[in-house]
2 protein chains.
Amino acid sequence: MDISAVNALPYEDFVNIFGNVVEKCPLITAAVWTRRPFTSFNALEAAINEFIDALPESGKEGILRCHPDLAGKHLHSGALTRESQEEQTRAGMDALSSAEASQMTRLNEEYKGRFGFPFVICARMNDKVTILHELSERCQNERAAERARGIGEVKKICRLRLQGLVLSDATNKL
Amino acid sequence: MDISAVNALPYEDFVNIFGNVVEKCPLITAAVWTRRPFTSFNALEAAINEFIDALPESGKEGILRCHPDLAGKHLHSGALTRESQEEQTRAGMDALSSAEASQMTRLNEEYKGRFGFPFVICARMNDKVTILHELSERCQNERAAERARGIGEVKKICRLRLQGLVLSDATNKL
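Residues numbered from 1 in each chain as written. Chains lettered and ligands numbered in written order. Predicted model: local features only at pLDDT ≥ 70, side-chain atom pairs only at ≥ 80, totals over all residues. Heavy atoms only, no water.

Under an unreviewed UniProt entry, chain A has the name 2-oxo-4-hydroxy-4-carboxy-5-ureidoimidazoline decarboxylase and belongs to Poecilia mexicana. As its UniProt record puts it under Function (unreviewed entry), chain A is described as follows: "Catalyzes the stereoselective decarboxylation of 2-oxo-4-hydroxy-4-carboxy-5-ureidoimidazoline (OHCU) to (S)-allantoin." The Subcellular location (unreviewed entry) field of the UniProt record for chain A holds the comment "Peroxisome". (UniProt positions renumbered as here; feature names shortened; annotations may be inferred.)

See the structure below:
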């Protein structure tokens, strides 16, 4: 789909198609529809990022809290969104050794206990080694820094999900 | 559950239980968890309403766009949330005559075409006669007035859904 096709979508189709570019936050996509028409892929992405940036800090924490644990109980029970299931599987989260799985569970709990929101990282830009390393390192950060870092990861995830749905500007120019 | 039990919930349980008090907007509930502990049912409700009120106008429209049509295609296909299915059924939305169903469909489309978001009304405080009357009347309003009116209805729906989950303050005092 190119950006002109995106701009032609009624809000119901727009929310159906793009509602999960930010995990379990169709409110964001639905809000951004007000800003159409978008001049480009980048303009659509920017509108989403600007909406996120304008939320109060509690709202940014709310976005993080809508994300599942990496390699958490929902990965094996099939309770993840389709997008998250694919991303976690590609990053090897379903193929951890017993020791790795235990470490991931322990660090996820430590992270959530410390910050009150889950560890969020763009799984498609990492593998199990870098994810475990980042999780361990980031447990040491301050809450405000982690909130900002998590939101930065949410935006990376969003960009990749958008790229799976809309032709990016570079592609349009070919 | 009383308010002290609510305050003791980890964010994951809080979002699981209260994530749909605003239809398909778990982001709002997840954000409000930051504000705990809540001194009362009313304080919890107020925190949700304050979060909604602080959103930009596009965000309020986004909330409305997360709501299904009343007596729309999803009512019969089973694609509604549990809460919305119950509320619409209680209001008689699944038992419209053929003429009423046609009128509802026509007015829903007129409303969405005019405003870019769906007609939202607290079904549990209405029946099919008042819903059809309100829908017909509200199609004549201005967009800003309807946005505000729709958000007012969202808050009524939220209060009733909360009352189904948490003992209200009056009940606590008994």
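Trainee: For this particular structure, what's the right way to read the packing of helix H5 (residues 57–65) of chain B against helix H10 (residues 143–163) of chain B?
Mentor: Describing two packed helices takes the angle between their axes plus the distance from one axis to the other. Residues and elements named next belong to chain B. H10 packs onto H5 with a crossing angle of 60° between their chain directions and a minimal axis gap of 10 Å. When the axis of H5 is compared with that of H10, the two are oblique. Note on packing geometry: the crossing formed by H5 with H10 is left-handed. Between H5 and H10, the contacting residues are Glu57, Lys60, Glu61, Ile63, Leu64 and Arg65 on the first element and Arg143, Arg147, Gly150, Ile151 and Val154 on the second. (Axes fitted to C-alpha atoms, helices over the stretch in contact; angles between N-to-C directions. Helix = DSSP H or I, 4+ residues; strand = E, 2+ residues; numbered from the N terminus. Parallel < 35°, antiparallel > 145°, perpendicular 65-115°, else oblique. Left-handed = near helix turned anticlockwise from the far one by under 90°. Contact = heavy atoms within 4.5 Å.)

Trainee: Even after reading the chapter, I still don't get the domain arrangement of chain A, so can you show me in this structure?
Mentor: Buried accessible area, meaning the area lost when the parts come together, often serves as the stated size of an interface. Residue and element names in this part refer to chain A. Each assigned domain of chain A is listed here: domain 1 (3–62 + 162–173) and domain 2 (68–156). Its C-alpha centre places domain 1 at a distance of 24 Å from the equivalent point of domain 2. Contact with domain 1, which involves 10 residues of that partner, is made by 10 residues of domain 2. The largest share of the area that domain 1 buries against domain 2 comes from Asn20, Glu23 and Glu61, three residues that together contribute 46% of it. Where domain 1 touches domain 2, the interface holds 4 salt bridges. The residue Arg147 makes a salt bridge to Glu57 at a minimum N-O spacing of 2.9 Å. Where domain 1 packs against domain 2, one counts 7 residue pairs in polar contact (both at pLDDT 80 or more). Elements supplying a minimum of two residues to the side of domain 1 that touches domain 2: helix H4 (41–54) and helix H5 (57–65). Here the side of domain 1 that touches domain 2 is built from residues that sort into 2 nonpolar, 2 polar and 6 charged. (Domains from an automatic or database assignment. Buried area = accessible area lost by both parts, 1.4 Å probe. Salt bridge = Lys/Arg side-chain N within 4 Å of Asp/Glu carboxyl O. Polar contact = N/O pair within 3.5 Å; in protein donor to acceptor, adjacent residues only side chain to side chain. Nonpolar A, V, L, I, M, F, W, Y, C, P; charged D, E, K, R; others polar.)

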